[in-house]
Amino acid sequence: MSIFWIVIGFLVGLLAVVVIYDLVQRKHAILRNFPLVGHLRYFLEAVGPELRQYIVTGNDSERPFSRDQRRWVYASSKKENNYFGFGTDNDPEAAPNYLIVKHSAFPLDTLHAGQAGYDPDFQIPCAKVMGAARKRAKAFRPASVVNVSGMSFGSLGRTAVEAMNRGCDLAGCLHNTGEGGVSRHHLHGADLILQIGTAYFACRDENGNFSLERLIETVEKYPQIKALEIKLSQGAKPGIGGLLPKEKVTAEIAEARGVPMGEDCISPASHSEFSDVDGLLDFVEKIADVTGLPVGIKSAVGELEFWQELARLMAETQRGVDFICIDGGEGGTGAGPLAYTDHVALPFKLGFPRVYGEFVRRGIQDQVIFVGSAKLGFSVPALLAFGMGCDMVNVAREAMLSIGCIQAQRCHSGHCPAGVATHNRWLMRGLDPSLKSVRLGNYVATLRQEVLKLSHTCGVHHPSLITPDHFEILDGNLTGISSETLFPEGGILPRPSGEEDRALTQLMKNIPLAVNKTGMKIIPD
């Protein structure tokens, strides 16, 4: 009997040691928030392939992100082996809408560590200069074609926002604030894009109206702000506003948003400063003039008349936006009505070509930086976005995965187990921003690396040189769809000119170039 109790005592002591270790370690938020019990997740993850093979789902079955996709993000963010063994487990011949990248018979070499010119961060500068076409005083070239999309402090907790900002600084990419304004957690080194939503957080007066003076004050206070983004809508819930209940309006959130404590924080469905395209462009020029910053818009795609009118007025007048971020209906949100998340707004692959086509018809596509958003945080979808006309891509949920999100889909409940989309103090303490920031930086660098490698596989130096001709879609019946009918606006997408090809090739070799009137870097003859 005494031996029995000795064994029991040993086991209890061992479990106590594990619990203490889990509580003090910082690498794994799940273990820190759920000591001992959290190990069950990692055990199930380890034996998952065997269980799924015989019992549950396949590697590509889950949504919004499959197990293969999540595994790739996790491995990339930790700098672990992100390769997959034994070949594809997909069935390209039977799967509808299966995307194929058509490689070149003469691919370009990708540099490796130790070779001259090797960049461990795999920086890919944007092909265009943001704001150059309209001569903005603070026009600049984004250093990275992959950047972090708008996620507000409010929808994300303070530790997650800090981890995102530190990670963006490490990766040399832009961090969009989301419509919740600039908080102190956004101030850890990364350059910012300040998002201006319908409630005008960070640029509103005491009555909730837009304040130009407050915007100027915010821009002057935070020199990290490099551009302004007017949010018209987002893909997951376009056409509706938002509500942060007063119970969730902490002192920090109230300070960042410029709202009082003890009141619901309401974002209306539409802007009060303008109600048509003409008014929007007046507003854009007004804030661009006083701040000197490039100004763009973010929107999902619904009715096309708005985009037709925007392209027409930009072509016929001296007013215009400097960048356009198109969000697909499949994009993410902290919380949204099911009808909107499932059925409102076109998917990115349908919506973006329709918008881009309007600017091509007017011959002004080079005056705008086009940004793609909605599940583009993987190399092949991102490369397709570049082929469709995007100059940059934004990532959001994929960035969340890189800092520990496990796709629990409890963002709306305030009880995110990984401490990302929550303000619960216990859950947030599990997310160490210093360590998780490194993982975000690793993920962004790895995504750029794969995009660049795929570009080289297609025989070009920069992803902006990718065209629809580099892709084919299989329809599940042993038939492929050619590039002419690949997109709804097939045939209108312009191919890069020889001059642009030459300029972008030099750009990737870090050779200084001159700026032409549209903002594209062109080598003078």
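Cut-offs used in this document
- Residues numbered from 1 in each chain as written.
- Predicted model: local features only at pLDDT ≥ 70, side-chain atom pairs only at ≥ 80, totals over all residues.
- Heavy atoms only, no water.
- Helix = DSSP H or I, 4+ residues; strand = E, 2+ residues; numbered from the N terminus.
- Rg over C-alpha atoms; globule rule 2.2 N^0.38 Å.
- Contact = heavy atoms within 4.5 Å.
- Polar contact = N/O pair within 3.5 Å; in protein donor to acceptor, adjacent residues only side chain to side chain.
- Pairing = 2+ DSSP bridges.
- Axes fitted to C-alpha atoms, helices over the stretch in contact; angles between N-to-C directions.
- Expected span 1.5 Å × (residues − 1).
- Buried < 20%, exposed > 50% of the residue type's maximum accessible area, 1.4 Å probe, protein only.
- Parallel < 35°, antiparallel > 145°, perpendicular 65-115°, else oblique.
- Left-handed = near helix turned anticlockwise from the far one by under 90°.
- Nonpolar A, V, L, I, M, F, W, Y, C, P; charged D, E, K, R; others polar.
- pLDDT = per-residue confidence, 0-100.
- Salt bridge = Lys/Arg side-chain N within 4 Å of Asp/Glu carboxyl O.

## Some points on the overall build of the protein chain
Part 1 of the argument: On a plain count of helices and strands, the protein chain comes out with 17 helices and 15 strands.
Part 2 of the argument: A globule of 525 residues ought to have a C-alpha radius of gyration of about 24 Å, and the protein chain, at 24 Å, matches this closely.
Part 3 of the argument: On the principal axes, the C-alpha backbone points of the protein chain span a range of 90 × 60 × 45 Å.
Part 4 of the argument: A separation threshold of at least 6 residues defines the contact pool for the protein chain, and within that pool the share at least 24 residues apart is 68%.

## Thoughts on the side chain of Thr 110
Part 1 of the argument: Within the secondary structure layout, Thr 110 lies in the loop between strand S1 (98-101) and strand S2 (146-148).
Part 2 of the argument: Side-chain polar atoms of Thr 110 contact the side chain of His 456, separated by 2.9 Å.
Part 3 of the argument: If sequence neighbours within four positions are ignored, Thr 110 has contacts with Gln 115, Lys 453 and His 456.

## Considering the sheet that holds strand S13 (residues 480-481)
Part 1 of the argument: Taken in spatial order, the three strands of this open sheet run S1-S12-S13, and their pairing is antiparallel. Two strands bound the open sheet, and with one partner strand each, they are S1 and S13.
Part 2 of the argument: Relative to strand S12 (residues 471-474), S1 runs antiparallel, the two being bridged by four bridges. Across the sheet, Tyr 98 pairs through a bridge with Leu 474, a residue of S12.
Part 3 of the argument: Across the sheet, helix H13 (residues 379-388) is in contact with S1 and S12; its angle to S1 comes to roughly 75°.

## Things to note about helix H12 (residues 348-361)
Spacing of three or four residues puts side chains on the same side of an α-helix, whose turn is 3.6 residues.
Part 1 of the argument: Its 14 residues place the ends of H12 20 Å apart at the C-alpha level, agreeing with the 20 Å of an ideal helix rising 1.5 Å per residue.
Part 2 of the argument: Taken across its 14 residues, H12 has 10 buried, putting it largely inside the fold.
Part 3 of the argument: Burial in H12 covers these residues: Phe 348, Gly 351, Phe 352, Pro 353, Val 355, Tyr 356, Gly 357, Glu 358, Phe 359 and Val 360.
Part 4 of the argument: On its buried side, H12 packs onto helix H10 (305-316), strand S9 (323-327), strand S10 (369-373) and H13.
Part 5 of the argument: Backbone geometry just after H12 places Gly 363 at a positive phi near 70°.

## Digging into the packing of helix H7 (residues 212-221) against helix H9 (residues 277-291)
Part 1 of the argument: Between H7 and H9, whose axes approach to 10 Å, the crossing angle comes to 45°. The orientation of H7 relative to H9 falls into the category oblique. Between H7 and H9 the crossing geometry is right-handed. When H7 is examined against H9, the residues Leu 212, Leu 215, Ile 216 and Val 219 are found in contact with a partner set consisting of Lys 286, Ile 287, Val 290 and Thr 291.
Part 2 of the argument: In terms of residue class, the contact of H7 with H9 is made up of six nonpolar, one polar and one charged.

## Some points on the environment of Leu 23
Part 1 of the argument: Here Leu 23 lies in helix H1 (residues 2-24).
Part 2 of the argument: Ignoring sequence-local partners within four residues, the contact set of Leu 23 consists of Arg 32, Pro 35, Trp 426 and Arg 429.

## Observations concerning the environment of Gly 189
Part 1 of the argument: Looking at the element boundaries, Gly 189 is found in the loop between strand S3 (175-176) and strand S4 (192-196).
Part 2 of the argument: With a relative accessible area of 44%, Gly 189 lands in the partly exposed category.
Part 3 of the argument: It is 5.4 Å that separates the C-alpha atoms of Gly 189 and Asp 169, two residues lying 20 residues apart in sequence.
Part 4 of the argument: When residues no more than four places from it in sequence are discounted, the contact partners of Gly 189 are Asn 165 and Asp 169.

## Quick look at the environment of Leu 447
Part 1 of the argument: Its place among the elements puts Leu 447 in helix H16 (residues 433-457).
Part 2 of the argument: Taking the C-alpha atoms as reference, Leu 447 lies 12 Å from Asn 394; in sequence the two are 53 residues apart.
Part 3 of the argument: Apart from the residues within four sequence positions on either side, Leu 447 is in contact with Trp 72, Val 146, Gly 377, Phe 378, Ser 379 and Val 395.

## Brief notes about the confidence of the model for the protein chain
Part 1 of the argument: Of the residues in the protein chain, 92% reach a pLDDT of 70 or more, and the chain-wide mean stands at 87.
Part 2 of the argument: Counting contacts from residues 521-525, a segment whose pLDDT is below 50, to residues more than four positions away or on other chains yields 19 contacts.

## Structural notes on the pattern of salt bridges
Any two side chains of opposite charge can pair, so long as their charged atoms come close to each other.
Part 1 of the argument: Summed over all chains, the structure comprises 17 salt bridges.
Part 2 of the argument: With a shortest N-O distance of 3.9 Å, Arg 214 and Glu 217 are connected by a salt bridge. With Arg 214 and Glu 217 both in helix H7 and three residues apart, the pair spans about one turn of that helix.
Part 3 of the argument: Its relative accessible area of 49% is what places Glu 217 among the partly exposed residues.
Part 4 of the argument: As a salt-bridge pair, Lys 286 and Glu 273 come within 3.7 Å of each other at their nearest N and O atoms. In this pair, Lys 286 sits in helix H9 while Glu 273 sits in the loop between strand S7 (265-267) and H9, placing the two residues 13 residues apart along the sequence.
Part 5 of the argument: It is possible to trace a salt-bridge network through shared partners that takes in Glu 309, Arg 312, Glu 316 and Arg 362.

## Observations regarding the side chain of Asp 322
Part 1 of the argument: Inspection of the secondary structure puts Asp 322 in the loop between H10 and S9.
Part 2 of the argument: Residue Asp 322 is classed as buried on the basis of its relative accessible area, which comes to 2%.
Part 3 of the argument: Side-chain polar atoms of Asp 322 contact the side chain of Arg 136, separated by 2.8 Å.
Part 4 of the argument: Sequence-distant contacts of Asp 322, defined by excluding residues within four places in its chain, comprise Gly 131, Arg 134, Arg 136, Pro 294, Val 295, Gly 296, Gln 367, Val 368 and Ile 369.

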